[in-house]
Amino acid sequence: MAKRQFEDIADHIGIPDSERARLLYPKRAIAVSCPIHRDDGTTEVFQGYRVQHHLSLGATKGGVRFSPNVDVGEVAALAIWMSWKCALAGLPYGGAKGGVTVDPRTLSPRELEALSRRYMQEMIPFVGPHTDVMAPDVGTNEQVMAWFMDTYSINCGHTVTEIVTGKPVSCGGTAGRREATGRGVTHTAMRAAETIGLEVSGSTAIIQGFGNVGSVAAIELAARGVKIIGVSDHSACYFDRNGLPVAELEQYAAHHGCLSGFSTELLEDPQELPYHACDFLVPAAMERMIDAHAARRLRCRILAEGANGPTTPEADTVLAQRKDEIFVVPDILCNAGGVVVSYFEWVQDLQKLFWEEEEVNTQLFRIMDRSFAQMLARSRADGISNRLAAMAIGVEKVRQTKAARGLFP
Ligand code: NAD
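Cut-off values and rules
Residues numbered from 1 in each chain as written. Predicted model: local features only at pLDDT ≥ 70, side-chain atom pairs only at ≥ 80, totals over all residues. Heavy atoms only, no water. Domains from an automatic or database assignment. Contact = heavy atoms within 4.5 Å. Buried area = accessible area lost by both parts, 1.4 Å probe. Salt bridge = Lys/Arg side-chain N within 4 Å of Asp/Glu carboxyl O. Polar contact = N/O pair within 3.5 Å; in protein donor to acceptor, adjacent residues only side chain to side chain. Helix = DSSP H or I, 4+ residues; strand = E, 2+ residues; numbered from the N terminus. Nonpolar A, V, L, I, M, F, W, Y, C, P; charged D, E, K, R; others polar. Expected span 1.5 Å × (residues − 1). Buried < 20%, exposed > 50% of the residue type's maximum accessible area, 1.4 Å probe, protein only.

It is worth spelling out the domain arrangement of the protein at this point. What the domain assignment reports for the protein is domain 1 (18-171) and domain 2 (178-334). Summarising the inter-unit geometry, the C-alpha centres of domain 1 and domain 2 are found 27 Å apart. Contact residues are listed per partner, giving 13 residues for domain 1 and 10 residues for domain 2. Taken together, the two surfaces of domain 1 and domain 2 that pack against each other cover about 930 Å², and 59% of this comes from carbon and sulfur. Connecting domain 1 to domain 2 are one salt bridge. Inspection of the domain 1/domain 2 interface yields two residue pairs in polar contact (both at pLDDT 80 or more). For the side of domain 1 that touches domain 2, the elements supplying multiple residues, two or more each, are strand 3 (60-67) and helix 3 (72-89). By residue number, the principal contributor to the side of domain 1 that touches domain 2 is helix 3, which donates six residues. Considering only residue class, the side of domain 1 that touches domain 2 consists of five nonpolar, one polar and seven charged.

Following this line, the structure appears as structure tokens:
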């Protein structure tokens, strides 16, 4: 998907073939084996990856996911998208992504800590506050980042908070980072509503995925008067056209680790959830949830992509052909709030000077608004989709930097 999207952008901008490989292919792809002692006394080896896409703008930046399907191809695609995302937002980073092929729900807390520390230990030769900075993603959280930071710091002999972002505030994290991605999703969804003239008060939303991104987006949308009529996670799916009790769902998921068991009356078939009529559809789970078949059946007005890569290129083609236009807020804009506030966290850690949450949010919304306006202006000027416009801006910025710096030696 990432490669195909890049080829479309390169064709649109007119990038010569000779320049394409240098822009597309990752600078480094690292694969490591991470052995840990299991609680039953056996030893198990997990595969870990990190892909650093380009180093032209500064350090690379990107999340680490613990998920059973992780492989080097998935991680490389996510690293490439991170590059265009950081460039669109104007951040001084290249893209990176990492992961371990594991279902973290099958690990005890001690095993999860052992695997987190071992993964960071294996990555120490390849990362650093000015080389590559990690963050949370699917299946990892603030606690995992604290273990990463502690492991790296022990190796250095002093505390290096700026090695990861998305840490607890008590370990050098920033106010507002945990909520940042969901907040950014909501903020750009509001901008989309303004753009198409949608009345937000009394409008409806369906959210697929109820982890960090999905649950915060649900709460933030509800706070703006949007009725949340459907939510799902890997364990359960609920629908109520009259509106779901979002705060209770969030508390339940935080306590039980998933949505399963919250209700029997509200249960819905997860396959059918995205096809209910709604104003906002927010995919906030995994990649490729919306394929061409799904794109034909969607009945939302705004598709706000909280997840990375939720819509396939085939689905994009269907969306472009539909007469009832669905306004797409593409992932590299919609979920950029996470990396924007990660950038603020890194800056604060480097300066040892910390901001109030209000300042974090003000600066976050300023950057999201700027990126949204740039994307809209470009899509209108060139007559292209929002996704192509957002990615074209990102690719062009990286291309300009590479051209200005030249090729060594
Ligand atoms: P998370 O692990 O906190 O939550 C993932 C959620 O998706 C869980 O609720 C899980 O149950 C659900 N899920 C998994 N498979 C599902 C399925 N088949 N149907 C419905 N739900 C399913 O992860 P997260 O950090 O919230 O990340 C979600 C998405 O957002 C990912 O694509 C991630 O790359 C992207 N993202 C995250 C951040 C961040 O700051 N955490 C930033 C940018 C983008």
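More follows now that the structure is in view.
This brings us to helix 12 (residues 337-351). In an α-helix, one full turn covers 3.6 residues, which means residues spaced three or four apart are oriented alike. Counted at 1.5 Å a residue, the expected span for helix 12 with its 15 residues is 21 Å, and the 21 Å between its end C-alpha atoms agrees. Every buried residue belonging to helix 12 is among Gly337, Gly338, Val339, Val340, Val341, Ser342, Phe344, Glu345, Trp346, Val347, Gln348 and Asp349, and all of these are buried. The inward-facing, buried residues of helix 12 contact strand 3, helix 3, strand 5 (132-136), helix 6 (177-196) and helix 13 (357-382). Just past helix 12, the residue Lys352 takes up positive phi, approximately 55°.

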